[in-house]
Amino acid sequence: ANPDPNNPTEVLALNGPLAGIAHEAHHYAGYAIIAGVVLHVVGALKHHIIDKDGTLGRMLGAKI
C-alpha cells in the first residue's frame, strides 16, 4: 500500500529526540541570524557616523 501524503506521519515516522534537537537548533539559529543582522547594521552606522569613510554610501550605490 502507498503511504497517504496527507498524513505525514505515515510517510516518515516522527523521531522525538531528533525533532527536539532540530527545534532547539532552529531556535538558536534564528537568534544568531538576528544578532548577525544587528551587528552588520551597527557596523555600517559606525562607518557612516564615526569613521565618515563613505562605506555606507558605497553600499547604497552612491557614486564616488
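These figures come from a predicted structure and were not determined experimentally. (Residues numbered from 1 in each chain as written. Predicted model: local features only at pLDDT ≥ 70, side-chain atom pairs only at ≥ 80, totals over all residues. Heavy atoms only, no water.)

Let's shift gears to the overall build of the protein chain. Looking only at helices and strands, the protein chain has 3 helices and 0 strands in total. Tracing the protein chain from N to C terminus, the helices and strands come up as α-α-α. Since a compact globule built from 64 residues should have a radius of gyration of about 11 Å, the 23 Å found for the protein chain marks it as more spread out than a globular shape. For the protein chain, the C-alpha atoms occupy an extent of roughly 65 × 25 × 10 Å along the three principal directions. Buried residues in the protein chain amount to 5% of all 64 residues. Working note: accessible area of the protein chain is about 5,700 Å², and carbon and sulfur atoms make up 69% of it. Of the charged side chains in the protein chain, 4 are positive and 5 negative; the average position of the first set lies 30 Å away from that of the second. (Helix = DSSP H or I, 4+ residues; strand = E, 2+ residues; numbered from the N terminus. Rg over C-alpha atoms; globule rule 2.2 N^0.38 Å. Buried < 20%, exposed > 50% of the residue type's maximum accessible area, 1.4 Å probe, protein only. Areas by Shrake-Rupley, 256 points an atom, 1.4 Å probe, with all protein chains shown as cover. Lys, Arg positive; Asp, Glu negative; His and termini not counted. Charge placed at Lys NZ, Arg CZ, Asp CG, Glu CD.)

Relative to the elements of secondary structure, H26 occurs in helix 2 (residues 16–51). Taking the C-alpha atoms as reference points, H26 and L56, separated by 30 residues in sequence, lie 31 Å from one another.

Attention now goes to the pattern of salt bridges. Scanning the model with the defined rule gives 1 salt bridge in all. A salt bridge links K46 to D51; the shortest N-O distance between them is 2.7 Å. (Salt bridge = Lys/Arg side-chain N within 4 Å of Asp/Glu carboxyl O.)

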